[in-house]
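Chains, contacts and geometry: an overview
One-letter residues, chain by chain:
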Amino acid sequence: MKRFGVSLPRDVADKVDRISQEMGVTRSEVVATALQEYLEARRSHAEPGHQCLGVVMALTDAFSEIGDVIEENKAHIVAYTHLHVEGRCLTIAVVKGAADQIEKLTLEVAKRSKISRYVPLL
Ligand SMILES: [Zn+2]
Ligand SMILES: [Zn+2]
């Protein structure tokens, strides 16, 4: 075990507290479990020469909020679709490319969306 302090946004810290109470485990255990999942999800991206293949989902008020990101990243977008859910725009894109390019793409999408997710397929 190694100890180190981390600063968390208040709402995140409150959620960690709630989960630790509900599950009867320590805060450290909640954080360690979450971090392990994060590290596992990133693991394959760190392998040399890794090509990402995954699905990006983004919920926005209008397609124009992420339209330029889609346009700028055309080379990495295999296909995408756009539909309307609860009055909002849901864009689903299959993306493929070098890990750093896909990471940049997903960060740009995340910045402009209400909610976004990247689901790796490889
Ligand atoms: Zn990847
Ligand atoms: Zn739309």
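Quantities reported herein were computed from a predicted structural model and do not represent experimental measurements.

**What about the overall build of the protein chain?**
- Regarding its fold elements, the protein chain presents four helices and four strands.
- Counting only C-alpha atoms, the protein chain reaches 45 × 40 × 20 Å along its principal axes.
- Counting across all 122 residues of the protein chain, residues that qualify as buried make up 26%.
- Nonlocal contacts in the protein chain, meaning residues at least 24 apart in sequence, comprise 65% of its contacts between residues at least 6 apart.
- For the protein chain, the computed accessible surface area is about 8,900 Å², with 56% contributed by carbon and sulfur atoms.

**Quick look at the environment of E103**
- Among the secondary structure elements, E103 is positioned in helix 4 (residues 99-112).
- For the pair formed by E103 and C52, sequence separation is 51 residues and the distance between their alpha carbons is 9.1 Å.

**Brief notes about the packing of aromatic side chains**
- Applying the stated criterion to the full structure yields one aromatic pair.
- A ring pair is formed by F63 and Y80, whose centres lie 6.1 Å apart and whose planes are at 5°; its orientation type is stacked. Linking F63 in the loop between strand 1 (51-60) and helix 3 (64-72) with Y80 in strand 2 (residues 77-85), this pair joins segments that are 17 residues apart in sequence.
- Given the relative accessible area of 26%, F63 is considered partly exposed.

**A word on the coordination of the zinc ion (ligand 2)**
- Coordination of the zinc ion (ligand 2) by the protein is provided by H82 (NE2), H84 (NE2) and C89 (SG), with metal-donor distances spanning 2.1 to 2.2 Å.
- Here the donor residues for the zinc ion (ligand 2) map to a single chain with the spacing H-x1-H-x4-C.
- We classify H82 as partly exposed; its relative accessible area is 29%.

**Some details on the UniProt feature "domain: Transcription factor NikR nickel binding C-terminal" (unreviewed entry) in the protein chain**
- Sites flagged by UniProt as "domain: Transcription factor NikR nickel binding C-terminal" (unreviewed entry) map to residues 65-115.
- Between the end C-alpha atoms of residues 65-115 there is a gap of 12 Å, over a span that is 43% helix and 41% strand.

**Structural notes on the pattern of salt bridges**
- Taken as a whole and judged by the stated rule, the model has seven salt bridges.
- The partner of E71 in a salt bridge is K74, with the nearest N and O atoms 3.1 Å apart.
- Under the relative-accessibility criterion, K74 is labelled exposed at 54%.
- Between E108 and R112 there is a salt bridge; the shortest N-O distance is 3.0 Å. Of the two residues, E108 and R112 are both situated in helix 4; the distance of four residues between them amounts to about one turn of the helix.
- You can call E108 partly exposed: its relative accessible area is 23%.

**Describing the UniProt feature "domain: Ribbon-helix-helix protein CopG" (unreviewed entry) in the protein chain**
- As recorded in UniProt, the sites labelled "domain: Ribbon-helix-helix protein CopG" (unreviewed entry) are residues 2-40.
- A helix fraction of 72% and a strand fraction of 0% characterise residues 2-40, whose end C-alpha atoms lie 19 Å from each other.

About the thresholds
Residues numbered from 1 in each chain as written. Chains lettered and ligands numbered in written order. Predicted model: local features only at pLDDT ≥ 70, side-chain atom pairs only at ≥ 80, totals over all residues. Heavy atoms only, no water. Helix = DSSP H or I, 4+ residues; strand = E, 2+ residues; numbered from the N terminus. Buried < 20%, exposed > 50% of the residue type's maximum accessible area, 1.4 Å probe, protein only. Contact = heavy atoms within 4.5 Å. Areas by Shrake-Rupley, 256 points an atom, 1.4 Å probe, with all protein chains shown as cover. Phe/Tyr/Trp six-rings, centres within 6.5 Å; stacked < 30°, edge-to-face > 60°. Donors = N, O, S within 2.8 Å, 3.2 Å for Na, K, Ca; no water. UniProt positions renumbered as here; feature names shortened; annotations may be inferred. Salt bridge = Lys/Arg side-chain N within 4 Å of Asp/Glu carboxyl O.

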